[in-house]
Amino acid sequence: MASKLSPEDSIALIKANLAEVLNPEIIDNVILKEKRPLKVYWGSATTGRPHCGYFVPMMKVAELLAAGCHVKILLADIHGYLDNMKAPIDLVEFRAKYYERVIKALLKAVGVDIARLEFVLGSSYQLNKDYTMDRFKLEGITRVEVAKKAGAEVVKQSADPTLGGLIYPLMQALDEQYLDVDAQFGGVDQRKIFAFAMENLPKIGYSVRAHLMNSMVPGLGEAAKMSASDPDSKIDLLDDPAAVEKKLKKAKCPPKEVEGNGVIAFVEHVIFRAIALKVDHEPIFKVERRDEEPLLYTSIQKLKEDYAADILTPQLLKSALTHHLNELLKPIVAEYEASPDWQAISLQAYPPEKAAVKVKKVKDKGDPAKRAAAAAARKNVVAQPDGHVEGEDAEKVTVGPSTEETLQKLKVSEPES
Ligand SMILES: N[C@@H](Cc1ccc(O)cc1)C(=O)O
């Protein structure tokens, strides 16, 4: 598969396995007429620890690389902060480094050549004069309601939204220009931002880009009984085989139910495609059975049929996936374990002690900062001094009064910037 593809095959692979492509002719034109590699980017706000769900967009990135594209990965550190401070400004830099390590390792695990892969840190160009002036231009012509709607499915919504959440989609649109790409890739949740970019970039003198959209895949590791916000239910990219097995055992996977089944979706969107990229023949997904011949699947359709008929049971499917997923994770974990450098980055990006240390001192549960620390410790997220809780589950555990009130009580000044 990694061998050189014909232009037509390359275009087909670029457009494969997507929910939607906007302005596909831009892609055809670059490859067939201009005869150069397509330049495309995928952006990720550097917030929570990347988990197994990242395999889904990464499979498309792997296909784009295999199709000969020049792929840029935007580590959107400023966006991570703008989106309701999902990542505190002093941690985003480390998180960006962590993301780069883990994404590289993940793509290598999939077996794709990353020579044409480039990482770009958002703040490395988003603070430049030209970018800033263009931002002002967009801000000057964008109605508040339009910006709000553009970000509605991406930016965390709240009753008292910040300006940052409105600027977010404007900057994502500008990124297309400043990253100098032909196309942007993202999930269908990004559709309104993509439409905003298509409508507004031409107004400030820039061209419309193509947009590639992945369908939204139901999450893997959403536990059957526990709440989805339980941090233990998400499979981390650095989980060891025993942890993967344990979490998958608990994962929601109703028998005979194919639609909305996260385990089947993962097999379809990640495992099958990963196998397809590695081998030249049809992918084979093997399900071992006790006392019986293994089940061999070369198509996801057959697998779904067997699942609906209960020939392939949740238990069989989960144990087969455990095996395949652990094979994918093995080199990622090995690289992490062999790299003191990466381990240090991990500690800086996601300091584990903060919440635990604070919680030990918690006596006055009336103090919002302390209540936040206690809640954070329970949830394995990080509490900030203002009572604001940071981490993937932040919204669900935020406690206490407004930041302003808390800051006054704690007698600390608002952080600069
Ligand atoms: N909006 C993307 C992140 C992103 C940020 C900036 C971009 O230019 C592109 C993508 C997300 O939801 O994660």
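Residues numbered from 1 in each chain as written. Predicted model: local features only at pLDDT ≥ 70, side-chain atom pairs only at ≥ 80, totals over all residues. Heavy atoms only, no water.

As annotated in an unreviewed UniProt entry, the protein is Tyrosine--tRNA ligase from Mollisia scopiformis. UniProt annotates the protein under Subcellular location (unreviewed entry) with the comment "Cytoplasm". (UniProt positions renumbered as here; feature names shortened; annotations may be inferred.)

S.K.: Would you explain the overall build of the protein in this entry?
M.R.: For the protein, the helix and strand inventory stands at 18 helices and ten strands. Intrachain contacts of the protein at a sequence separation of at least 6 include 73% that bridge at least 24 residues. Surface exposure of the protein reaches about 20,300 Å², of which carbon and sulfur atoms provide 54%. (Helix = DSSP H or I, 4+ residues; strand = E, 2+ residues; numbered from the N terminus. Contact = heavy atoms within 4.5 Å. Areas by Shrake-Rupley, 256 points an atom, 1.4 Å probe, with all protein chains shown as cover.)

S.K.: Hey, could you run me through the sheet that holds strand β1 (residues 20-22) in this one?
M.R.: Within a beta sheet, neighbouring strands are joined by backbone hydrogen bonds and run either parallel or antiparallel to one another. Across the sheet, six strands lie side by side as β1-β6-β5-β2-β3-β4; this open sheet has mixed pairing. Since the sheet does not close on itself, it has two edges, and those belong to β1 and β4 (117-121), each with one partner. Averaged over neighbouring strand pairs, the angle between their axes works out to 25° when direction is ignored. Pairing between strand β2 (residues 39-45) and strand β5 (residues 183-187): three bridges, direction parallel. By the bridge assignment for β5, Val40 is matched with Ala183. (Pairing = 2+ DSSP bridges. Axes fitted to C-alpha atoms, helices over the stretch in contact; angles between N-to-C directions.)

S.K.: Is there a simple way to think about the site of the ligand in this case?
M.R.: Inspection of the region around the ligand gives Tyr41, Gly43, Ala45, Leu74, Ala76, His79, Val154, Tyr168, Gln172, Asp175, Gln184 and Gln190 as its neighbouring residues. With respect to the ligand, the side chain of Asp175 contributes an N or O atom lying 2.5 Å from an oxygen atom. Gln190 places a polar side-chain atom, nitrogen or oxygen, 2.8 Å from a nitrogen atom of the ligand. Isolated, the ligand exposes 350 Å² of accessible area, and the fraction of that covered by the protein chains is 87%. Among the elements of the structure, β2, β3 (70-76) and α8 (163-178) are those that each provide at least two residues to the shell around the ligand. Classifying every residue of the shell around the ligand gives six nonpolar, five polar and one charged. (Near = heavy atom within 4 Å. Polar contact = N/O pair within 3.5 Å; in protein donor to acceptor, adjacent residues only side chain to side chain. Nonpolar A, V, L, I, M, F, W, Y, C, P; charged D, E, K, R; others polar.)

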